[in-house]
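So the chains spell out like this:
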Amino acid sequence: MNFDAYARTAVDLVNAPLDDLSQLRAVLPGPDWMCEDATERDLQVFRKAQRRLREVFEHGANGREREAVNELNSLLEAHPVHPRISGHESGNWHIHVTSRGSAVSAEYLAGAVWGLSVWLCEYGSARFGVCADERCGNVYLDTSSNNCRRFCSERCATRSHVAAHRARKKAAITEHAATTARLKPEVPQQASLTPVG
């Protein structure tokens, strides 16, 4: 089983809009993967799991590993893994994480929660991240060599760095103007003479 791929399905779910079934189907792995079987009930289950998985990432990103573990254990109970070998042609065998006939939400969430749990055990919850760009909020798995990633994408990193640069530049200009105003010598005002009449 590719646990990294399963863990990334958790990331995809947390970052996805889930306003309707079409948005849910866009999250699912592909047209051959039960997309048309998704129901309104699945949508409700996905929304609830989405909130709980976000909490796992927030706990990890904030150094609260025990809380991340507790939430994942609770999710593992709610979405248990029941592995079985499946395939349609000889040589095309693969593992499904739930029993035959399971709901779309059961299949997807069992794999996502299992993958994220294996990820935590292997790398620690400090590798769960929430994008540092305040306008974003997406979650990610930090695969950097020294656990230094702060953004979900290069786009967010660039946007945040440009905004910080502009803010520093504006602050420097404001500070320069204030300093110049303070240092500017006062010119004494000459008394105006009024002719006597």
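*Asks:* What's the story with the overall build of the chain in this structure? I'm lost.
*Replies:* Scanning the chain for helices and strands turns up six helices and four strands. Each helix and strand of the chain, placed in order from N terminus to C terminus, yields the pattern α-α-α-α-β-β-α-β-β-α. In the chain, which comprises 197 residues, the proportion classed as buried is 34%. Expressed as a percentage of contacts within the chain between residues at least 6 apart in sequence, the contacts between residues at least 24 apart total 52%. Carbon together with sulfur atoms contributes 52% to the accessible area of the chain, which is approximately 12,700 Å² in total.

*Asks:* Sorry if this is basic, but what is going on with the packing of helix H1 (residues 3-15) against helix H3 (residues 40-61) here?
*Replies:* Helix-helix packing is described using two parameters, namely the angle between the two axes and the distance between the axes. Relative orientation of the contacting elements H1 and H3 amounts to 110 degrees, with a least axis distance of 9 Å. Judged on the interaxial angle alone, H3 and H1 are roughly perpendicular. Across the interface between the two elements, Ala10, Val11, Leu13, Val14 and Asn15 from H1 touch Phe46, Gln50, Leu53, Arg54 and Phe57 from H3. Its residues assigned to classes, the contact of H1 with H3 comprises seven nonpolar, two polar and one charged.

*Asks:* Would you mind showing me how to read the packing of aromatic side chains here?
*Replies:* Remark: the centre distance and the inter-plane angle together describe each pair of aromatic rings, the angle taken between the planes. Within the structure shown, the criterion is met by four aromatic pairs. Seen in terms of ring centroids, Phe57 and Phe128 are 5.1 Å apart; in terms of plane orientation they differ by 45 degrees. Their pairing is tilted. Taken together, the positions of Phe57 in helix H3 and Phe128 in strand S3 (residues 128-130) put the pair 71 residues apart, joining distant regions of the chain. Note on accessibility: Phe57 and Phe128 belong to one class, buried.

*Asks:* Just to check I follow, could you spell out a nonpolar patch on the surface for this structure?
*Replies:* Side chains of Ile85, Trp93 and Ile95 sit close together on the surface and give an oily, nonpolar patch of about 340 Å² of accessible area. Within the secondary structure, Trp93 sits in the loop between strand S1 (84-86) and strand S2 (94-96).

*Asks:* Honestly, the side chain of His79 in this entry has me stumped. Any pointers?
*Replies:* Looking at the element boundaries, His79 is found in the loop between helix H4 (65-78) and S1. If we skip the residues at most four places from it in the chain, His79 touches Val45, Ala49, Leu109, Ala110 and Val113.

*Asks:* Would you explain unusual backbone geometry in this entry?
*Replies:* Note: most residues except glycine have negative phi, and most peptide bonds are trans. The phi dihedral of Asn147 falls on the positive side, at around 55 degrees, and the residue is not glycine. Here Asn147 shows up in the loop between strand S4 (139-141) and helix H6 (154-183).

*Asks:* Quick question: what am I supposed to make of the pattern of salt bridges here?
*Replies:* Side chains that differ in sign of charge can pair as their charged atoms come close. Scanning the entire structure with this criterion turns up four salt bridges. Note that Arg159 is salt-bridged to Asp133, the shortest N-O span being 2.8 Å. One end of the pair, Arg159, is in helix H6; the other, Asp133, is in the loop between S3 and S4, with 26 residues separating them in the sequence. Its relative accessible area of 25% is what places Arg159 among the partly exposed residues.

*Asks:* Please clarify how the confidence of the model for the chain should be interpreted in this entry.
*Replies:* Note that predicted coordinates carrying low pLDDT should not be read in detail. In the predicted model, the chain carries a mean pLDDT of 87, and 86% of its residues have values of at least 70. Within the chain, no element has a lower average pLDDT than H6, which sits at 73, and none a higher one than H4, at 98.

*Asks:* Help me out: how do you make sense of the environment of Ser86 in this one?
*Replies:* Relative to the helices and strands, Ser86 is located in strand S1. Judged by relative accessible area, Ser86 falls into the buried class, the value being 9%. In sequence terms Ser86 and His96 are 10 residues apart; their C-alpha atoms lie 6.5 Å from each other. Non-local contacts of Ser86, meaning those with residues more than four positions away in its chain, are made with Asn92, Trp93, His94 and His96.

About the cut-offs
Residues numbered from 1 in each chain as written. Predicted model: local features only at pLDDT ≥ 70, side-chain atom pairs only at ≥ 80, totals over all residues. Heavy atoms only, no water. Helix = DSSP H or I, 4+ residues; strand = E, 2+ residues; numbered from the N terminus. Buried < 20%, exposed > 50% of the residue type's maximum accessible area, 1.4 Å probe, protein only. Contact = heavy atoms within 4.5 Å. Areas by Shrake-Rupley, 256 points an atom, 1.4 Å probe, with all protein chains shown as cover. Axes fitted to C-alpha atoms, helices over the stretch in contact; angles between N-to-C directions. Parallel < 35°, antiparallel > 145°, perpendicular 65-115°, else oblique. Nonpolar A, V, L, I, M, F, W, Y, C, P; charged D, E, K, R; others polar. Phe/Tyr/Trp six-rings, centres within 6.5 Å; stacked < 30°, edge-to-face > 60°. Patch = residues over 30% accessible without salt bridge, like charges linked within 9 Å, V, L, I, M, F, W, Y side chains within 5 Å. Salt bridge = Lys/Arg side-chain N within 4 Å of Asp/Glu carboxyl O. pLDDT = per-residue confidence, 0-100.

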